[in-house]
Amino acid sequence: MKLAVDLHSHSGYAGGVGQIELTAVSKTMKLKGIDVFGTGDCIFPPRTEELKQELTEVGDGLFALPRDNSKFLLQTEVIFSTKLAHKKNKTIAHHVIFFPNYESIYKMQILMNKWGMKNTIGRPFITSDSQKELENQLFEILNIHPLIEIIPAHVMTPDGILGSKNDLEELIEFYGEFLPKIRAIETGLSADPQMLEKIPDLAELTFISNSDCHSAALNRIGREFTILDVEQVNYKNIIQAIRQNSVIMTAEFNPAEGRYFSTGHRADRKGHSQELIFEDDIPTGLICPICKKKMNLGVRERSTQLQNDSIVPIPRKFMHLIPLIEVIATSQNLKSITSKRVIKLFDIIMNIFPSEIALWQSDSIQVMLDKRVDQKTINQILAVKEGDFKFQPSGFDGTYGKLIIGDNR
Ligand SMILES: [Zn+2]
Ligand SMILES: [Zn+2]
């Protein structure tokens, strides 16, 4: 059966956001059509207790609020930081970790204590002084329970394993003997399967896509998601589907929207009065011709560097997506997704389709929405479904790309 999952999120403990109620999360999950959602921050002790209090186990390894059918999976993000012998700077890589039960989370907390790691924020650091030490840490985590899954998060961002800052050639430089235990990667908002499928180290792995959201808003939860093929809805089947690449499709940001897509400098940087974005002909040494400071290499160029054209990619189905609420706002020429008109239209559409994912997968959008929603909104929804949208300029230097839907509509 098809199972829509979004397995990377953050709670109020990850910083920068207020408390996020699980009831609000569940409500948005239903509207979006997300069946299983990663809790976020599950190993941070106050969060662990909060989750334990609010959620009850429903079947093997998944959890839910009382009298509610939205399912949660225990998930955290951890930042591994290590000193590789051949690198001058520390190598830092974000990872998503899934846990089958609270017992394994408590064992994880004991491990972190043993290693002297501060577990005082939603997204903790695990540091080490060498590749070997890191490798041992990873094995120790996996040894807690065979169904714990460790997945490199948003691999191409500056904080991702293959990001330009780390400048690794191969995953083995970081994982060593742990490498065979890495069965999947998260594409992240900055990359899509097409950009990653020809990277030799990734070609055989499962690609999953998650929102990495810090809010229960309609344009955050499920802004990226994965549809898995599972026999039953339980933790074990989800992990097996990930390990065996039983992915039906992923929904992705258009990478050009991502904040690190192109190489360049923003206009508000010191020494700048205008922005500078390079589509190609990137200056040698990445030195910005305006401020003479070094620029971060954009994800587009970084992934091109890593690709090997002789690789024949395995088929991966995916679509580029913009959250429906944003499509509606754009079609109404409104900036805010919380304006009354936008919410009213969203509600009308949600009374016609069981969920947003059901809408995106439907072949009869025009027929279903005809005369109940204005034609401009229908046209823009159809344009997004057909991939007829772009970001100009693309995302760069920490700024999101600017959306243009259906030039010819
Ligand atoms: Zn991260
Ligand atoms: Zn500059």
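In this report, the structure presented in the accompanying data block is examined. (Residues numbered from 1 in each chain as written. Chains lettered and ligands numbered in written order. Predicted model: local features only at pLDDT ≥ 70, side-chain atom pairs only at ≥ 80, totals over all residues. Heavy atoms only, no water.)

Below, the discussion takes up the coordination of the zinc ion (ligand 2). Taken together, His265 (ND1), His272 (NE2), Cys288 (SG) and Cys291 (SG) make up the protein donors of the zinc ion (ligand 2), found 2.0 to 2.3 Å from the metal. Angles of 104 to 120 degrees at the metal separate the four donor atoms of the zinc ion (ligand 2), which places the site in the tetrahedral class. All donor residues of the zinc ion (ligand 2) come from one chain, and their arrangement in sequence is H-x6-H-x15-C-x2-C. Highlighted residues: His265 in strand β13 (residues 263–265) and Cys291 in the loop between β14 (276–278) and α8 (299–306), separated in sequence by 26 residues. Comparing His265 with Cys291, the two get one shared label, buried. (Donors = N, O, S within 2.8 Å, 3.2 Å for Na, K, Ca; no water. Tetrahedral: all angles 85-135°; square planar, octahedral: opposite > 155°, others 65-115°. Helix = DSSP H or I, 4+ residues; strand = E, 2+ residues; numbered from the N terminus. Buried < 20%, exposed > 50% of the residue type's maximum accessible area, 1.4 Å probe, protein only.)

Turning our attention to the coordination of the zinc ion (ligand 1). Here the zinc ion (ligand 1) is held by Glu77 (OE), His94 (ND1) and His154 (NE2), and the distances to it run 2.0 to 2.3 Å. Sequence spacing of the donors to the zinc ion (ligand 1): E-x16-H-x59-H. In this pair, His94 is assigned in strand β6 (residues 91–99) and His154 in the loop between β8 (149–152) and α5 (172–175), connecting sequence segments 60 residues apart. An identical accessibility class is assigned to His94 and His154; each is buried.

Take the nonpolar core next. Nonpolar side chains in soluble globular proteins tend to be buried together. In terms of nonpolar packing, the biggest core is built from 95 residues, with Ile349 and Leu369 touching the most fellow members. If you tally residues by element for this core, the top one is helix α10 (residues 340–352), at six residues. (Core = buried A, V, L, I, M, F, W, Y, C linked by side-chain atoms within 4.5 Å.)

Here we take up helix α13 (residues 375–385). Along α13, the residues classified as buried are Thr377, Ile378, Gln380, Ile381, Leu382, Ala383 and Val384. Of the residues trailing α13, Gly387 is marked for its positive phi of about 80 degrees.

Quick look at the pattern of salt bridges now. Scanning all chains against the criterion turns up 19 salt bridges. Residues Glu135 and Lys132 are paired through a salt bridge, measuring 2.9 Å at the closest nitrogen-oxygen approach. Here Glu135 pairs with Lys132, and both are found in helix α4 (residues 131–144), just three residues apart, close to one helical turn. Relative accessible area serves as the criterion here: at 3%, Glu135 is assigned to the buried category. For Arg243, the salt bridge identified is with Glu149, shortest N-O distance 2.6 Å. Placement of Arg243 in helix α7 (residues 235–243) and of Glu149 in strand β8 is noted, with a sequence separation of 94 residues between them. A relative accessible area of 23% means that Arg243 is categorised as partly exposed. In this structure, a network of salt bridges that share partners links the residues Arg266, Asp268, Arg269 and Asp397. (Salt bridge = Lys/Arg side-chain N within 4 Å of Asp/Glu carboxyl O.)

Geometry of a packed helix pair, given as the angle between the helix axes and the separation of the axes. Between helix α9 (residues 324–331) and α13, the shortest axis-to-axis distance is 9 Å and the interhelical angle comes to 135 degrees. The orientation of α9 relative to α13 falls into the category oblique. In terms of crossing hand, the pair formed by α9 and α13 is right-handed. Contacts from Leu324, Val327, Ile328, Thr330 and Ser331 of α9 reach α13 at Lys376, Thr377, Gln380, Ile381 and Val384. Here the contact of α9 with α13 is composed, by residue class, of five nonpolar, four polar and one charged. (Axes fitted to C-alpha atoms, helices over the stretch in contact; angles between N-to-C directions. Parallel < 35°, antiparallel > 145°, perpendicular 65-115°, else oblique. Left-handed = near helix turned anticlockwise from the far one by under 90°. Contact = heavy atoms within 4.5 Å. Nonpolar A, V, L, I, M, F, W, Y, C, P; charged D, E, K, R; others polar.)

Another point: the pairing of β6. A large share of β6 lies buried, amounting to eight of its nine residues. Where strand β5 (residues 71–82) and β6 come together, nine bridges link them in antiparallel fashion. Within β6, the position partnered with Glu77 by the bridge is Val96. Pairing analysis gives four bridges linking β6 to β8, with the strands arranged antiparallel. (Pairing = 2+ DSSP bridges.)

A full pass over the atoms with the stated rule returns six aromatic pairs. Seen from their ring centres, Tyr13 and Phe44 are 5.0 Å apart, and the 65 degrees between their planes marks the pair as edge-to-face. You can see Tyr13 sitting in the loop between β1 (2–6) and α1 (22–32) and its partner Phe44 sitting in the loop between β2 (36–38) and α2 (45–54), a full 31 residues away along the chain. Note on Phe174 and Tyr175: the rings are 4.9 Å apart at their centroids and 85 degrees apart in plane angle, and the pair reads as edge-to-face. Both residues of the pair, Phe174 and Tyr175, count as buried. Lys52 extends its terminal NZ or CZ atom over the ring of Tyr102, reaching a point 5.7 Å from the ring centre. A cation over a ring is seen here: Arg316 above Phe207, with NZ or CZ 3.5 Å from the ring centre. (Phe/Tyr/Trp six-rings, centres within 6.5 Å; stacked < 30°, edge-to-face > 60°. Lys NZ or Arg CZ within 6 Å of the ring centre and 35° of its normal.)

Here Gln392 and Pro393 are connected by a cis peptide whose omega angle stands at -5 degrees. Its place among the elements puts Pro393 in the loop between β16 (389–391) and β17 (403–405). Notably, His154 is not glycine yet its phi reads approximately 25 degrees, a positive angle. With relative accessibility at 8%, the residue His154 sits in the buried group.

Glancing now at the environment of Asn308. Tracing the sequence through the fold places Asn308 in the loop between α8 and β15 (318–320). Residue classification places Asn308 among the partly exposed residues on the basis of a relative accessible area of 31%. For the pair Asn308 and Glu197, spaced 111 residues apart in sequence, the C-alpha separation works out to 9.4 Å. Ignoring sequence-local partners within four residues, the contact set of Asn308 consists of Lys198 and Pro200.

All right, on to helix α3 (residues 102–114) then. Because each turn of an α-helix spans 3.6 residues, side chains separated by three or four positions in sequence point in the same direction. Between its terminal C-alpha atoms α3 stretches 18 Å, which fits the 18 Å expected from 13 residues at 1.5 Å a residue. Packing partners of the buried residues in α3 comprise α2, β4 (63–64), β5, β6, β7 (125–128) and α4. Two or three places before Glu103, at the start of α3, stands the capping residue Asn101, its side-chain oxygen 3.4 Å from that residue's backbone nitrogen. Gly116 occupies a position one or two residues after α3 and carries a positive phi of about 75 degrees. (Expected span 1.5 Å × (residues − 1). Polar contact = N/O pair within 3.5 Å; in protein donor to acceptor, adjacent residues only side chain to side chain.)

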